[in-house]
Amino acid sequence: MKKILILFLCFPLISAAQQQINKTMIYDGIEREYIVYIPASYDASTDYPLLFSFHGGGGTSGGHIIINDMRPIADTAAFIAIYPQGAIDYAGADPGTTPSTSWLHKIPTSHNDVNFISAIIDTLSNEYSIDLQRIYACGYSEGGIFSYELGCRLNNKLAAFASVSGSMLTDSYRSDYGFGLCTPTHPTAVMLIPGTSDGNFHSTYSGFQPYYMSVSEITNYWFDYNNTDLNPIITPIANISMNDGSTVEQREWINGTSCVSVIEMKVNGGDHDWPGSFGNMDISASAEIW
């Protein structure tokens, strides 16, 4: 009787250890990696949402999970968190630079990470109980740019997405590099968290034409596509962290088709940051996204 009791008590420890799983798949002829976090409450009789989180250019999935730790939120809100690893972009690296991880693999390579994410969705839907109507994406820096790309080019599988410190590509950029145009297929909720003092050319608040759209161009695009109200509801966020050099203002375009909205968490004075982890500390970008 004691042996049975001891085994029973050990089961929860084994289950907890298996919540975070490092997975691989062969895709496009190379081994790709991604981390899957299963919430403690997982029950195969219930369908769970998926939330993808993408690291920045040159980053790693393991590093990004520290910055954007969705695991405690996943346990509370009951969703599956996925952290894919970008592939090394040898063909698209600038001359004289060391190739690094990337989501936006430019020609001459034919590599397409949009299809890689689609393959992960298909794989996980065969392994777990997935709510295919509630698949979401978010990312930081180039991972944020890639989230826009998924919103444009994997829209049939995506319900909503968010971008932190990352801009949206122009259609001319997409055409030049063989990405194709932005062609969403349904009303799509969008959140962006930009810093007004972000000095990176691929995430500056005013844009970097003809490559990257400004924040106003991005919100105009999505509130027009989603058919929301033209004027946003503007709400100042409490400045609870007086020493971070920034404040937050929420701008929300509501009443879109199918009840979707477009939300900008404008970080006045914010840099190339992930609020709540570094930079602005008035909000948690991770919590706001979920």
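Residues numbered from 1 in each chain as written. Predicted model: local features only at pLDDT ≥ 70, side-chain atom pairs only at ≥ 80, totals over all residues. Heavy atoms only, no water.

A word on the packing of aromatic side chains
Think of a pair of aromatic rings as described by two things: how far the centres are apart, and how the planes are tilted against each other in angle.
Point 1. For the structure on display, the rule yields 23 aromatic pairs.
Point 2. Ring centres 6.0 Å apart and planes at 90° place the aromatic pair Tyr173 and Tyr211 in the edge-to-face group. A residue pair is termed long-range when its members are at least 10 positions apart, and Tyr173 in helix H6 (residues 171-176) and Tyr211 in the loop between strand S9 (189-193) and helix H7 (215-226) qualify at 38 residues.
Point 3. Exposure remark for Tyr211: the relative accessible area of 34% places this residue in the partly exposed category.
Point 4. When the centroid spacing of 5.7 Å and the interplanar angle of 45° are considered together, the rings of Tyr173 and Tyr212 count as tilted. Taken together, the positions of Tyr173 in helix H6 and Tyr212 in the loop between S9 and H7 put the pair 39 residues apart, joining distant regions of the chain. Side by side, Tyr173 and Tyr212 carry an identical accessibility label, which is buried.
Point 5. Counting every residue linked through ring pairs, the aromatic cluster contains Tyr173, Tyr177, Phe179, Phe201, Phe208, Tyr211 and Tyr212.
Point 6. For the cation-ring pair, Arg32 lies above Phe116, with the distance from its terminal atom to the ring centre recorded as 3.9 Å. (Phe/Tyr/Trp six-rings, centres within 6.5 Å; stacked < 30°, edge-to-face > 60°. Helix = DSSP H or I, 4+ residues; strand = E, 2+ residues; numbered from the N terminus. Buried < 20%, exposed > 50% of the residue type's maximum accessible area, 1.4 Å probe, protein only. Lys NZ or Arg CZ within 6 Å of the ring centre and 35° of its normal.)

Side note on the nonpolar core
Point 1. Counting residues in each nonpolar core, the largest one holds 47 residues, and the members touching the most others are Phe52, Ile80, Ile82, Ile117, Ile120, Leu150 and Trp222.
Point 2. Every residue in contact with Trp222, bar those within four places of it in the chain, is listed here: Tyr148, Gly151, Cys152, Phe161, Met168, Cys182, Pro184, Thr188, Val190 and Val262.
Point 3. Counting residues in each nonpolar core, the second largest holds 25 residues, with Ile35, Tyr37, Ile263 and Ala285 among its members. (Core = buried A, V, L, I, M, F, W, Y, C linked by side-chain atoms within 4.5 Å. Contact = heavy atoms within 4.5 Å.)

Points about the state of the cysteines
Point 1. Evaluation of the coordinates by the stated rule reveals one disulfide.
Point 2. Here Cys152 pairs with Cys182 through a disulfide, and the sulfurs are 2.1 Å apart. The sign of the S-S torsion, about -80°, decides the handedness of the disulfide formed by Cys152 and Cys182: left-handed. Within this pair, whereas Cys152 is found in helix H5 (residues 142-153), its partner Cys182 is found in the loop between H6 and S9, the two being separated by 30 residues in sequence.
Point 3. By relative accessible area, Cys182 is classed as buried at 9%.
Point 4. Of the cysteine sulfurs around Cys138, a residue in no disulfide, the closest is that of Cys152, at 17 Å. (Disulfide = S-S within 2.5 Å.)

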